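# Coordinate analysis (summary)
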Amino acid sequence: MNIDSKWASRGGGLVIGALLLGIYLLVAVGCSSGSADASASSQSSRSESKILRALSASDTTSSRESASHETASDAGHSTSADSESSHETAADGQAAVVSHETTSDTVSISNPVHSTASETSDHADTATESHATTDVGGDSAETTEEAHASGGEIHWGYTGSNGQNYWSDQSADYTSCVDGSAQSPIDIKDARLADLEDLEFHYSPSMMTVVNNGHTIQANYGSESGESSWMVLNGNEYELLQFHYHRPSEHTINGHQAAMEMHLVHKDAEGKLAVVGVLLEPGAHNTSLDPIWDVLPDHAGDEVTVDGLFDVNKVLPQDRRTFRYPGSLTTPPCSEGVSWLLMKTPVSLSQAQVDEFKEHYFFNARYTQPLNGREIFEDISVGD
Ligand SMILES: [Zn+2]
């Protein structure tokens, strides 16, 4: 109004008219941009409220995990490993919550790693916070393969700006992901045939919880049932901690990638890891997976206790011959020193089962890594 009167006082007919029109346009543009700001700010506040909701959900998860640790009979490494996975669960809970709320049933974007840059940074902050409130074992990097271990500190994913090509940029602890010389997974080829010492499986039916940890669906096996399950590799006992799934397979055999891959993560008394990989190919329905697939948790951070006891023996193939090689975690921090045992024989699952997993994790497989002169052994026989 001040402007109007200022120009009016100078007079000038058409010139003034044109100027007034210009001013009107300027004001109109200003309003429009103001309303865009308002809209952005309202989106931002919606986004914050989602994060807050997720935060409170993750607090719940953390305290539940802590409580269960206090009552766990095994206070050793596996507890520490569980604690690590609870971090990841807490941290990545937000990603899936947000992702789920903003996407429909479109399979291709159901993977929680597909979050925006701003969401990613929020998650990282929250993850740090969550980390600070929980006591972590010093050997965290070594405690779980796939670790599903210390991934809770940073929101890493498989694709995009926080994807596997950038893992080492996300934390100084992740440098092995790019500098390592014995990384996993690999393409299995030119394996050296050998009569390797048999693996001995001492798996017992056990209680089990199924967790969506933001990177995979993971079954935490047996830690609180009192009865542990273990395997013997070269005379050394390794306790089974958890198993989880990747889609598609991480290991390939002569370039062939299977539909999925299961990893059974074991650890010995010194903290060394041995992982048994089982390839899964579409075929007959796999009933041994039903107790897990029936409860696949939708959101990162969700955890379900499976009714009754689960018999992990049933998820292994009958033929226990393996490919063996020295490798690493296939997820950050990509720590090496992991004994890998990939079953030569895949097990089947139905395409419908693959599809169900796909709705939770569309793509959670690391690319194959250079062999760098490592030798792969192939078991030629099992039994006496
Ligand atoms: Zn894995």
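Residues numbered from 1 in each chain as written. Predicted model: local features only at pLDDT ≥ 70, side-chain atom pairs only at ≥ 80, totals over all residues.

### Here's the deal with the overall build of the protein chain
For the protein chain, the helix and strand inventory stands at 9 helices and 16 strands. By sequence separation, contacts in the protein chain at least 24 residues apart represent 74% of the contacts at least 6 residues apart. (Helix = DSSP H or I, 4+ residues; strand = E, 2+ residues; numbered from the N terminus. Contact = placed C-beta atoms within 7 Å.)

### Some points on the environment of E200
As for its placement among the helices and strands, E200 is situated in strand β3 (residues 200–202). Judged by the 12 C-beta atoms lying within 10 Å of it, E200 is exposed. Non-local contacts of E200, meaning those with residues more than four positions away in its chain, are made with M231 and V232. (Buried ≥ 20, exposed ≤ 12 C-beta atoms within 10 Å, placed from the backbone.)

### Section: the sheet that holds strand β1 (residues 187–188)
With mixed pairing, the 3 strands of this open sheet are ordered in space as β1-β8-β9. Every interior strand has two partners, whereas the edge strands, β1 and β9 (256–257), have only one. Bridge count between β1 and strand β8 (residues 252–253): 2 bridges; the pairing is parallel. Note that in β8 the partner of I188 across the bridge is I253. (Pairing = 2+ DSSP bridges.)

### What to know about helix α9 (residues 351–360)
Q353, F357 and H360 are the residues of α9 that are buried. The buried residues of α9 occupy one face: seen down the axis, they fall within an arc of 50°. Summarising the geometry of α9, the exposed residues directed more than 90 degrees from the buried face are Q351, A352 and D355. (Arc of directions from axis to C-beta.)

### Topic: the confidence of the model for the protein chain
Averaged over every residue, the pLDDT of the protein chain is 71; the share at 70 or more is 59%. For the stretch residues 1–153, pLDDT sits under 50, and the model shows 219 contacts to residues farther than four places along the chain or on other chains. (pLDDT = per-residue confidence, 0-100.)

### Quick word on the pairing of strand β5 (residues 217–221)
Burial of β5 is extensive: 5 of the 5 residues sit out of reach of the surface. Burial of β5 is two-sided: the residues I217, A219 and Y221 facing one way and the residues Q218 and N220 facing the other way are all buried. The sheet contact formed by strand β4 (residues 208–212) and β5 spans 5 bridges and is antiparallel. In the strand pairing of β5, N212 is matched with I217. Connecting β4 to the next strand, β5, in antiparallel fashion are 4 residues, including G214 with a positive phi near 90°.

### Digging into the nonpolar core
Y221, F243, M262, L264, V275, V278 and L280 are the most contacted members of the largest nonpolar core, which has 52 residues in total. No other element matches strand β11 (residues 273–282), which puts 7 residues into this core. Once residues lying within four places of it in the same chain are set aside, the contact partners of M262 are F243, Y245, V278, L280 and V315. (Core = buried A, V, L, I, M, F, W, Y, C linked by C-beta atoms within 7 Å.)

### Here's the deal with the pairing of strand β6 (residues 230–233)
Residues of β6 alternate between two faces, with M231 and L233 buried on one and W230 and V232 left unburied on the opposite face. Across 3 bridges, the pairing between β3 and β6 is antiparallel. By the bridge assignment for β6, E200 is matched with V232. Direction of pairing for β6 relative to strand β7 (residues 236–246): antiparallel, over a ladder of 4 bridges. Counted as the bridge partner of W230 is E239 from β7.

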